[in-house]
Amino acid sequence: MRTPPIGVTAYGVYLPIWRLQRKDIGAALGSGGGHGSRSAAADDEDSTSMGVEAGRAALGRAGRASGIVFATATAAYADKSNAAIVHAALGLDRSVSAYDFVGASRSGVGAIVAAADAGAAGRPTLAVLSDVRTGMPSSADEREGGDGAAALLFGTGDDVVAALIGHGSASAEFLDRWRIPGESSSKLWEERFAEGAYLELAKEAVDGALKAAGLTMADIDRVAVGGLHRRAVKAFAKSLSREAAAHSVDPQAPFLLVDDLSDTIGATGTAQPGILLATALDEAAPEETILIVNLADGADALVFEATASLPAFRENRTAKSVSEQVTGGRTVDYQRYLTWRGYLRREAPRRPDPDRPAAPPSARNADWKFGLAASRCRSCGTRHMPAIRVCRHCHSVDQMDRERVADERGTIATYQADLLAYTLSPPLIGAAVNFAGGGRLMCEVTDADASTLKIGDEVEMTFRRLYTTGDGVHNYFWKARPVGRATDADKEA
Amino acid sequence: MATHGIRDKVAIVGMGCTPFGEHWSKSAEDLLVDANTEALASAGLAQADIDAYWLGTMGSGYSGQLLSRTLKLDYKPVTRVENFCATGSEAFRNACYAVASGAVDVAMAIGVEKLKDSGYSGLVSTPPPHDGTAVAITTPAAFGLLAPAYAKMAGLDDDTLKEVITRIAWKNHYNGARNPRAQFRKELSMEAIRNSPKVSGMLGVLDCSGVSDGSAAAIIVRAEDAYQYTDKPIFVKALSMVAGPGDGPMDPTFDYTSIREVVKCADAAYAEAGVRNPREEIAMAEVHDCFTPTELVLMEDLGFSEKGEAWRDVMDGAFDLDGALPVNPDGGLKSFGHPIGASGLRMLFECWLQLRQQAPPERQVQSIVTGERKLGLTHNLGGRPGDCVSFISVVGAEPAS
């Protein structure tokens, strides 16, 4: 009798809509540049908000988890839990644990393994991997990095869409890249030094994973290699290819190399192993085997086997596939990108800085602020945003049920592009959004082009960081985003 | 339970109003002294003759002591009131009720705001601690929401609506150019208004009222005592105030083409004053033209125009100085700027001048001179469309008949 599979039961990816064209860096600075693009988190996004979006994509409407683990190398908060914010925004039950894996880009695989272990032990756990990759203007990191998030729910049983059948790991201490907390970019040792170390470690990890899975390279259908050391990543993918070809029936195409998205999105650090697995699962047929290798201060290799449940999961999900998101980008000009990243400080509007959200009201209203849960009157059915106690229609008091609105769509009733309001990305668009399920929300519109927005446009809700106060409090809340994301990659922001 | 008005029970016997503008050399206290001194002089009263004070200010000071400390009052009651941009009107309303109740013989309503000292453009306020989820659009954008919604309702294209609101600004600046107390005293060309730098949506800088400092005051007595103080008192015909439930931002049926609070407030005011047809009975109106689309929508909400027709009346000049119903003959918020605590009383000051026929001839309302019409109206709005307070007063030069 076969033991029930343990592995991924749901997954989702979030890629920001914005793309920085690498040639624009070269044009602006006379250096750097290159071909292709990288993804860029907007000024209202960070690793936490992107993690929420990926988590929503994975969990869908009725998602269940006993725990979440949130991994990032670019944490929005230290000391304070970022996982707790993801937990609140996903509307999870209070009994669901939420832990951070913060600091190193290797935390991504760490979170996957921890979630898999918990899932195997009967506690379905969501691993949320998210990163905003920065770099000094004109640096290789700026050019080759990318921003994004992935979320993988691990559990056991018939829901498993990709069984985790092997894991190998090789750890070693050496100085490859480093960043003192608070700095906005990493420093790198001379590239060739770490390359040799990575190739050796990665081989050990892959050998371990294959052995655990009872497979050889010739049995592997899809391979993805990720990591921030781009030279080692390329070299190792090539060496795997050689090894597989030696034993494969088709030496010309020993396995399918999963696009590591370096031409379009860039290397997404902590998030990359999750994004690569999702990319593979978006295409894989049942029984295909997938090898994910990640190089980061050591190496990890994971072997998955797609199950018969995978096609049905893909058909039923409402979230966009990786390739749909990759092709749905819009160009942000380099100056605006630098402003978002804080590398180009511009004159602030002649308005007071936004004041900080206070802790007690934020906590009292957490279901609203983070979970976007409205109140619906039990007596007359009227829905209120924000949630209130006295019905505006029938005036009943305390006859309210909480109701999450985050996953519903709305339409724009009226809007204004505000050029005076405080924002790093003017204009700030404010709109009244009406929901088919009842109620209206006044909120910001993001990822939108003010000149083409219209009354009646359909929007969906997205969790964002509205601003960060002078004393470092991030103000998170929900914004509306046009549903038909632009596909014209050449369109200027 | 019902509300009872105080029609013809109280009268205004003295008023003062400082010039509004950039008073770099004056503090809020200085402005209060100036408005108080002028008001007392106009009624022939001394400070000791005032029994109680209502002070309107949003952020230029706290408690009644801003006034008592400044004027060195001799242990008199001073109530500080605040109701957003209707703060000055609220001070007036409460002072009137105190006198009507018989509790005091002579009351002063005085309002002040010092906005220029902040160094910011637009209004600045410090909200209480909050959860950070309210949409952060500025006031011009909040009122700008009226523009696309009105255009859709009235079947206008954006260019036509832009012409309409441009004409409103043009008219108010034309009037303000004839007012020595106004901050902006230059006529502006339609072109300059139309092409002013964009602030929000189709609104340019010149679609917005300015930021200024100022103070204004009114002295209120019982109607029957009024002629002891002046031979031209102004009688209060109606005071109406509505605080809305803030439905607009959460009610999908609210369409941003009308301000419900104003409609309710106007109904109550006209009932109290006995006005049946405001378009034909009101001689002049000072309305809350914080932004040009606001004045447009107000013309319908105040019953001066039919629904969807105000834009036509504006273009026909119905609300011009020489039109059927002059609106903002003093230049309005557009020419004066908007020191919150003072604006409502500044509006009343123009009624005071006009109904006593003391406005300069170049802006005196003709229907008052001919005796054809006898009522002035002030409309003061605080908050944002869909979520606001509204105040209306109707005043007249004649006592109860």
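Residues numbered from 1 in each chain as written. Chains lettered and ligands numbered in written order. Predicted model: local features only at pLDDT ≥ 70, side-chain atom pairs only at ≥ 80, totals over all residues. Heavy atoms only, no water.

As recorded by an unreviewed UniProt entry, chain B carries the name Acetyl-CoA acetyltransferase and is attributed to Rhodococcus pseudokoreensis.

An unreviewed UniProt entry lists chain A under the name OB-fold domain-containing protein, with Rhodococcus pseudokoreensis given as the organism.

Participant: Sorry if this is basic, but what is going on with the overall build of chain A here?
Facilitator: What chain A contains, in helices and strands, is 13 helices and 23 strands. Relative to a compact globule of 493 residues, whose C-alpha radius of gyration would be 23 Å, chain A shows 23 Å and is just as compact. With the principal axes as the frame, chain A shows a C-alpha extent of 75 × 60 × 40 Å. Taken over 493 residues, chain A has a buried fraction of 57%. For chain A, restricting intrachain contacts to residue pairs at least 6 apart in sequence, the fraction spanning at least 24 positions comes to 71%. Carbon and sulfur atoms provide 51% of the accessible area of chain A, an area that totals close to 20100 Å². (Helix = DSSP H or I, 4+ residues; strand = E, 2+ residues; numbered from the N terminus. Rg over C-alpha atoms; globule rule 2.2 N^0.38 Å. Buried < 20%, exposed > 50% of the residue type's maximum accessible area, 1.4 Å probe, protein only. Contact = heavy atoms within 4.5 Å. Areas by Shrake-Rupley, 256 points an atom, 1.4 Å probe, with all protein chains shown as cover.)

Participant: Looking at this model, I keep getting lost on the sheet that holds strand β6 (residues 125-131) of chain A. Mind explaining?
Facilitator: Strand pairing in a sheet is mediated by backbone hydrogen bonds. Such pairs are either parallel or antiparallel. Residue and element names in this part refer to chain A. A sheet is described by the order of its strands in space; here ten strands give the open sequence β5-β4-β6-β7-β1-β8-β14-β13-β11-β12, paired in mixed fashion. In the strand order of this sheet, the two ends are held by β5 (97-102) and β12 (256-257), each with one partner. In the packing of helix α2 (residues 47-59) onto the sheet, contacts are made with β1 (6-14), β4 (67-72), β6 and β7 (148-156), and the angle to β1 comes to roughly 125°. (Pairing = 2+ DSSP bridges. Axes fitted to C-alpha atoms, helices over the stretch in contact; angles between N-to-C directions.)

Participant: Any chance you could explain the environment of B:Asn83 here in plain terms?
Facilitator: Residue and element names in this part refer to chain B. Turning to its location among the elements, Asn83 is positioned in the loop between β3 (78-81) and α3 (87-100). Using a relative accessible area of 18% as the deciding quantity, one classes Asn83 as buried. Once the C-alpha coordinates of Asn83 and Gly383 are considered, the two residues, 300 residues apart in sequence, prove to be 8.6 Å apart. Beyond its immediate sequence surroundings of up to four residues, Asn83 is in contact with Glu90, Met241, Gly382 and Val389.

Participant: Please explain the nonpolar core as it appears in this structure.
Facilitator: Nonpolar side chains in soluble globular proteins tend to be buried together. Among the nonpolar cores identified, the biggest contains 94 residues, and A:Tyr11, A:Leu126, A:Phe304 and A:Leu372 are the most heavily contacted of them. When near neighbours in sequence (up to four residues on either side) are disregarded, A:Tyr11 contacts A:Ala57, A:Ala58, A:Ala151, A:Leu152, A:Val161, A:Ala278, A:Leu281, A:Asp282, A:Leu310, A:Phe313, A:Arg314 and A:Arg317. Counting 61 residues, the second largest nonpolar core, distinct from the first, contains A:Ala432, B:Phe143, B:Tyr150 and B:Phe319. (Core = buried A, V, L, I, M, F, W, Y, C linked by side-chain atoms within 4.5 Å.)

Participant: Whenever I open this one, the state of the cysteines confuses me. Can you help?
Facilitator: Each disulfide consists of a covalent bond between the sulfur atoms of two cysteine residues. Residues and elements named next belong to chain A. The final tally for this structure, using the stated rule, is zero disulfides over all chains. No disulfide involves Cys391; its nearest neighbouring cysteine sulfur is the one of Cys380, lying 3.5 Å away. Here Cys394 is not cross-linked by a disulfide; its sulfur's nearest cysteine counterpart is in Cys377, at 3.7 Å. Note on Cys394: relative accessible area 31%, which makes it partly exposed. (Disulfide = S-S within 2.5 Å.)

Participant: What exactly am I supposed to notice about the packing of helix α6 (residues 158-176) of chain B against helix α10 (residues 292-301) of chain B here?
Facilitator: Two measures define how a pair of helices packs: the angle their axes make with one another and the distance between the axes. Residue and element names in this part refer to chain B. At their nearest, the axes of α6 and α10 sit 9 Å apart, and the two run at 95° to each other. Taken together, α6 and α10 sit at an angle that is classed as roughly perpendicular. Across the interface between the two elements, Leu161, Val164, Ile165, Ile168, Ala169, Lys171 and Asn172 of α6 pack against Thr292, Pro293, Glu295 and Leu296 of α10. (Parallel < 35°, antiparallel > 145°, perpendicular 65-115°, else oblique.)

Participant: What is the right way to read unusual backbone geometry from this model?
Facilitator: Note: most residues except glycine have negative phi, and most peptide bonds are trans. Of note, the bond from A:Met385 into A:Pro386 is cis; its omega dihedral lies within 30 degrees of zero at 0°. Mapping A:Pro386 onto the fold places it in the loop between β17 (383-384) and β18 (400-404). In this structure, the amide linkage connecting A:Pro426 to the following residue, A:Pro427, adopts the cis form with an omega of -5°. Within the secondary structure, A:Pro427 is located in the loop between β19 (409-418) and β20 (428-435). At A:Leu372, a position not held by glycine, the phi torsion is positive, near 45°. Its place among the elements puts A:Leu372 in the loop between α13 (366-369) and β16 (373-377). Take A:Leu372: its relative accessible area is 0%, and that puts it in the buried class. Here the phi dihedral of B:Lys72 falls at roughly 50°; this positive angle occurs in a residue that is not glycine. Structurally, the position occupied by B:Lys72 is in the loop between α2 (65-71) and β3.

Participant: Would you take a moment to explain the interface of chain B and chain A for this structure?
Facilitator: Think of interface size as the accessible area that goes away when the parts come together; that is how it is often given. Listed as interface residues are 35 residues of chain B and, on the opposing side, 41 residues of chain A. Across the interface of chain B and chain A, roughly 3100 Å² is buried in total on both sides, 58% from carbon and sulfur atoms. At the junction of chain B and chain A, the tally comes to two salt bridges. Residue B:Asp247 is joined to A:Arg392 by a salt bridge in which the shortest nitrogen-to-oxygen separation is 3.9 Å. The interface formed by chain B and chain A holds 20 residue pairs in polar contact (both at pLDDT 80 or more) in total. Those elements that place two or more of their residues in the side of chain B that touches chain A are α4 (139-144), α5 (146-154) and β5 (198-200) of chain B. (Buried area = accessible area lost by both parts, 1.4 Å probe. Salt bridge = Lys/Arg side-chain N within 4 Å of Asp/Glu carboxyl O. Polar contact = N/O pair within 3.5 Å; in protein donor to acceptor, adjacent residues only side chain to side chain.)

Participant: Even after reading the chapter, I still don't get the side chain of A:Glu460, so can you show me in this structure?
Facilitator: Residue and element names in this part refer to chain A. Among the secondary structure elements, Glu460 is positioned in strand β22 (residues 458-468). Here Glu460 falls in the buried class, since its relative accessible area comes to 16%. Discounting chain neighbours no more than four positions away, the residues touching Glu460 are Glu408, Arg409, Lys479, Ala480, Arg481 and Val483.

Participant: What exactly am I supposed to notice about the UniProt feature "domain: Thiolase C-terminal" (unreviewed entry) in chain B here?
Facilitator: The UniProt record annotates "domain: Thiolase C-terminal" (unreviewed entry) at residues 255-383 of chain B. Overall, residues 255-383 of chain B shows 47% helix and 11% strand. The separation of its end C-alpha atoms is 17 Å. (UniProt positions renumbered as here; feature names shortened; annotations may be inferred.)

Participant: Looking at this structure, I do not really get the pattern of salt bridges. What am I missing?
Facilitator: Side-chain pairs of opposite charge can arise where the charged atoms are in close proximity. Residue and element names in this part refer to chain A. For the structure shown, the criterion picks out 56 salt bridges over all chains. Of the charged contacts, one joins Arg230 and Asp260 as a salt bridge, the two residues approaching to 2.8 Å between their closest N and O atoms. Placement of Arg230 in helix α7 (residues 230-247) and of Asp260 in the loop between β12 and α8 (272-281) is noted, with a sequence separation of 30 residues between them. Taking the relative accessible area as the measure of exposure, Arg230 reaches 7% and is therefore buried. Between Lys454 and Asp457 there is a salt bridge, with the nearest N and O atoms lying 3.6 Å from each other.

Participant: Looking at this structure, how should I read the sheet that holds strand β15 (residues 330-331) of chain A?
Facilitator: Residues and elements named next belong to chain A. Spatial ordering of the open sheet is given by β3-β2-β15, a layout of three strands whose pairing is mixed. In this open sheet, the two edge strands, each paired with only one partner strand, are β3 (37-40) and β15. Taken together, the four bridges between strand β2 (residues 18-21) and β3 define a ladder with antiparallel strand orientation. Within β3, the residue paired with Leu20 across the bridge is Arg38. Most of the contacts of helix α1 (residues 22-29) go to β2, to which it runs at about 50°, and overall it touches β2, β3 and β15.

Participant: Would you mind going over the packing of aromatic side chains with me for this structure?
Facilitator: What characterises a pair of aromatic rings is the spacing of the ring centres plus the angle enclosed by the ring planes. Inspection of the entire model under this criterion finds 15 aromatic pairs over all chains. With centroids separated by 5.9 Å and ring planes inclined at 45°, the aromatic side chains of B:Tyr227 and B:Phe235 adopt a geometry described as tilted. Looking at B:Tyr227, the relative accessible area reads 45%, which means it is partly exposed. Feature note: the residues A:Phe370, A:Phe463, A:Tyr476 and A:Trp478 constitute an aromatic cluster, connected by ring pairs. Taking the ring centre of B:Tyr174 as reference, the NZ or CZ of B:Arg178 above it sits at 3.7 Å. (Phe/Tyr/Trp six-rings, centres within 6.5 Å; stacked < 30°, edge-to-face > 60°. Lys NZ or Arg CZ within 6 Å of the ring centre and 35° of its normal.)

Participant: Would you mind going over the pairing of strand β8 (residues 234-243) of chain B with me for this structure?
Facilitator: Note on strand geometry: in a regular strand, side chains alternate between the two faces of the sheet. Residue and element names in this part refer to chain B. Taken across its ten residues, β8 has seven buried, putting it largely inside the fold. Bridge analysis of strand β1 (residues 10-17) against β8 gives two bridges, and the strand direction is antiparallel. Within β8, the position partnered with Ala11 by the bridge is Phe235. Here β8 runs beside strand β11 (residues 387-396); their pairing, made up of eight bridges, is antiparallel. From the neighbouring strand, Met241 faces β11, where its bridge partner is Phe391.

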